[in-house]
Protein chains: 2
Amino acid sequence: MKLTVIGSAALDSIETSRAAHRDILGGSSVYASMSASFFTPVNLISIVGSDFPKRHSEMLRSRNVDLSGLEVKEGRTFRWKARYDKELSYARTLRTELNVFEGFRPLVPQIVSRKDNLLLANIDPELQSYIFHRIKPNGIVACDTMNLWIEIRRKELLKLLKKVDIFLLNDAEARQLSGEKDLFLAAKYILSKGANMLIIKKGENGSLLFSKELSFLTPAYPVKKVSDPTGAGDTFAGAMLGYITGRKKMSPEVLRRAIVYGSIMASFAVERFSAEGLARVTRADVKARYERFKKLTRF
Amino acid sequence: MKLTVIGSAALDSIETSRAAHRDILGGSSVYASMSASFFTPVNLISIVGSDFPKRHSEMLRSRNVDLSGLEVKEGRTFRWKARYDKELSYARTLRTELNVFEGFRPLVPQIVSRKDNLLLANIDPELQSYIFHRIKPNGIVACDTMNLWIEIRRKELLKLLKKVDIFLLNDAEARQLSGEKDLFLAAKYILSKGANMLIIKKGENGSLLFSKELSFLTPAYPVKKVSDPTGAGDTFAGAMLGYITGRKKMSPEVLRRAIVYGSIMASFAVERFSAEGLARVTRADVKARYERFKKLTRF
């Protein structure tokens, strides 16, 4: 089985208190695909401009990411410019240029099957919904989002929620969407709106899985030095869905391990700037962190 | 083997946004002894005034806490009055009355042996140091503290650190003591000052064990409704040391399980006001949470 990923492809300009990088590889579908590709073949659906560096496409292809669904359109690639606070806990958007993303209505390439699993990576819920209805997926469908969409596309997001199996968001977003401060109440609210499985990510403080009730909790893989949190959530979602897709059958055990791999891949993502950082990670690195994490958490 | 606990015994007046309770049972040695008594017999060393309700002493005795070391002195018991913020994350001290605690120089009762393990529960490091030198312990020595002592007794605390095996504090206190924002750097600093084992508690976000380097991390036992966080840290420390003392031999596995029990006992403590709340907990309750926690965290 394969995983289809839809989301943004971007050139990010990121500033932290320690460094600044311009036009580096980013976008939710890119982080998610890179991450998922460690576990399963991926079909990526997104759009870039004619300025999108060829080496990025080549790198993605070399990692078992099929780009039949990556439209290249005359014009500039989607750009996001942001500055992180000193604690790297909040990114202030300095500029968003939709560019070729404006009015993007993706075609579903032949290679995508209804039977594949589908990750609706963080992007406008209208577009997530559009692709969902184009594909009419029979496989597992997961959906990620962000504070912006909860704010301006709440209705569309809640409508989409009814159709997805797995919904991912962070603790602040869960509170925002539910209007509940308490995460248990927030989870209850969100599960009442749809999705059988809800993953609430708490960044460095780990994640919670709810399905009816709390069913798994895990710390985050410990990272000594975070360079750039950009793409951590996308990477988490990609690894999770990639791992699930790579297994023969879904089970509570597979889901738990998928969440652990989500945390591990996110730990690699935040150690370096750019989604290119994930290209330097090997399967052996991933395995080593999984084994270390097991040792660190067993009691 | 037994556990000796020294710390405060208090009558607390606690306000939260939901409730207010006056002169309820509190104090670090009381929470810690109650908690430890689930796992091992305890000798408590502290002082109360002649107004200390008999039912509290009787309750402690009924739970295998020896009170030979609990001095009863003419006068009023130590009192602490505090108000929590709405999120129950910060307690503002409204009044502290030392009362009989003023100038307290505990006598070590006959029943305490050098061979017993010793928990220096949260109290002035000068007093912790005093009792340490009176007992000259051969067993495992653990030390807990709080932001106040880091601020006004830094030198004494650092001196004491060289002599203890296990040091416990929360994340904010670790940052305060080390001057490092990053918890890994904070841990490195603290371990360089003494203590072989350092436990950094992150409240609802779990805890970290460092011994040279990070060697265990665990989420907190999930609590649906926190009523009063008072005594959570003391309860954690008490359970940890109680569990270790109740085992025949210390080992990395025992230490990990001790931390898990610390988190579980703390989860009971925060669900109710007053250290009396722990008296309603049964061994079966503790076992049930341990089994549930195992199930919730296994992958």
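Our subject is the structure listed above.
Read on for an overview of the structure. Each chain has its residues counted from 1, following the order in which its sequence is written. A letter from A marks each chain and a number from 1 marks each ligand, given out in the order of writing. Selection of residues for local features in this predicted model requires a pLDDT of at least 70, selection of side-chain atom pairs for listing and counting requires 80 or more, and totals for whole chains, interfaces and linings are taken over all residues. Values shown for side chains rest on all heavy atoms present in the structure; no hydrogens or waters enter the calculation.

It is worth spelling out the relation of the copies chain A and chain B at this point. With an axial shift of 0.0 Å and an RMSD of 0.0 Å, the rotation relating chain A to chain B amounts to 180 degrees. Read as a symmetry element, the transformation amounts to a two-fold axis. Here a residue-residue contact requires only that any non-hydrogen atoms of the pair lie within 4.5 Å. Looking at the interface residues of chain A, 100% of them are also at the interface in chain B, so both copies use one shared face. Least squares is used to superpose the copies, and the fit set is the C-alpha atoms of residues whose pLDDT is at least 70 in both copies.

Helix and strand labels come from DSSP, where a helix needs a run of H or I of at least four residues and a strand needs a run of E of at least two; each type is numbered from the N terminus. Mapped onto the secondary structure, Glu173 of chain B falls in helix α6 (residues 171-178). Contact partners of Glu173 of chain B, with chain neighbours within four places excluded, come to Thr145, Met146, Asn147 and Ile150 of chain B.

Across a sheet, strands are paired by hydrogen bonds formed along the backbone, either parallel or antiparallel in direction. All names here are of chain B. Two strands are said to pair when DSSP picks up at least two bridges between them. One open sheet accounts for 4 strands, arranged β3-β2-β6-β7; its pairing is mixed. Each having just a single partner strand, β3 (20-26) and β7 (91-97) make up the two edges of the open sheet. Each strand axis lies, on average, 20 degrees off the axis of its neighbour in the sheet, ignoring direction. Here strand β6 (residues 79-84) runs beside β7; their pairing, made up of 6 bridges, is antiparallel. Within β7, the position partnered with Ala82 by the bridge is Thr93. A fitted line through C-alpha atoms serves as each axis, taken over the contacting stretch for helices, and the angle formed by two N-to-C directions is quoted from 0 to 180°.

Residue and element names in this part refer to chain A. Basic side-chain nitrogens of Lys or Arg form a salt bridge, by our definition, when they fall within 4 Å of a carboxyl oxygen of Asp or Glu. Scanning the model with the defined rule gives 20 salt bridges over all chains in all. A salt bridge links Asp23 to Arg79; its shortest N-O distance comes to 3.2 Å. Separated by 56 residues along the polypeptide, Asp23 in strand β3 (residues 20-26) and Arg79 in strand β6 (residues 79-84) bring together distant segments of the chain. Each residue gets one of three labels from its accessible area relative to the maximum for its type: buried under 20%, exposed over 50%, partly exposed in between, using a 1.4 Å probe on protein chains only. Residue class for Arg79 comes out buried when judged on its relative accessible area of 10%. Lys201 is paired through a salt bridge with Asp144; the nearest N and O atoms lie 3.6 Å apart. In this pair, Lys201 sits in strand β11 (residues 197-201) while Asp144 sits in strand β9 (residues 141-144), placing the two residues 57 residues apart along the sequence. Exposure class is identical for Lys201 and Asp144. Each is buried. Each of Asp23, Asp51 and Arg79 takes part in one network of salt bridges that share partners.

To continue, consider the interface of chain A and chain B. Frequently, the measure chosen for interface size is the accessible area removed from exposure when the parts meet. The interface is formed by 30 residues belonging to chain A together with 30 residues belonging to chain B. Buried area: the sum, over both parts, of the accessible surface (1.4 Å probe) that disappears when the two are put together. Of all residues in chain A, Leu217, Arg298 and Phe299 of chain A bury the most surface against chain B, accounting for 31% of the area lost on that side. At the boundary of chain A and chain B, one finds 2 salt bridges. Two N or O atoms count as a polar contact when they lie within 3.5 Å, although within protein this holds only if one can serve as hydrogen donor and the other as acceptor, and sequence-adjacent residues are included solely when both atoms are side-chain atoms. Linking chain A with chain B are 12 residue pairs in polar contact (both at pLDDT 80 or more), by the criterion used here. Among the elements of the structure, β13 (213-218), α9 (252-271) and α10 (283-297) of chain A are those that each provide at least two residues to the side of chain A that touches chain B. If one sorts the elements of the side of chain A that touches chain B by residue count, α10 of chain A sits on top with 7 residues. Under the convention adopted here, Pro, Cys and the residues Ala, Val, Leu, Ile, Met, Phe, Trp and Tyr are nonpolar, Asp, Glu, Lys and Arg are charged, and Gly plus all remaining residues are polar. Class assignment of the residues belonging to the side of chain A that touches chain B gives a composition of 13 nonpolar, 4 polar and 13 charged.

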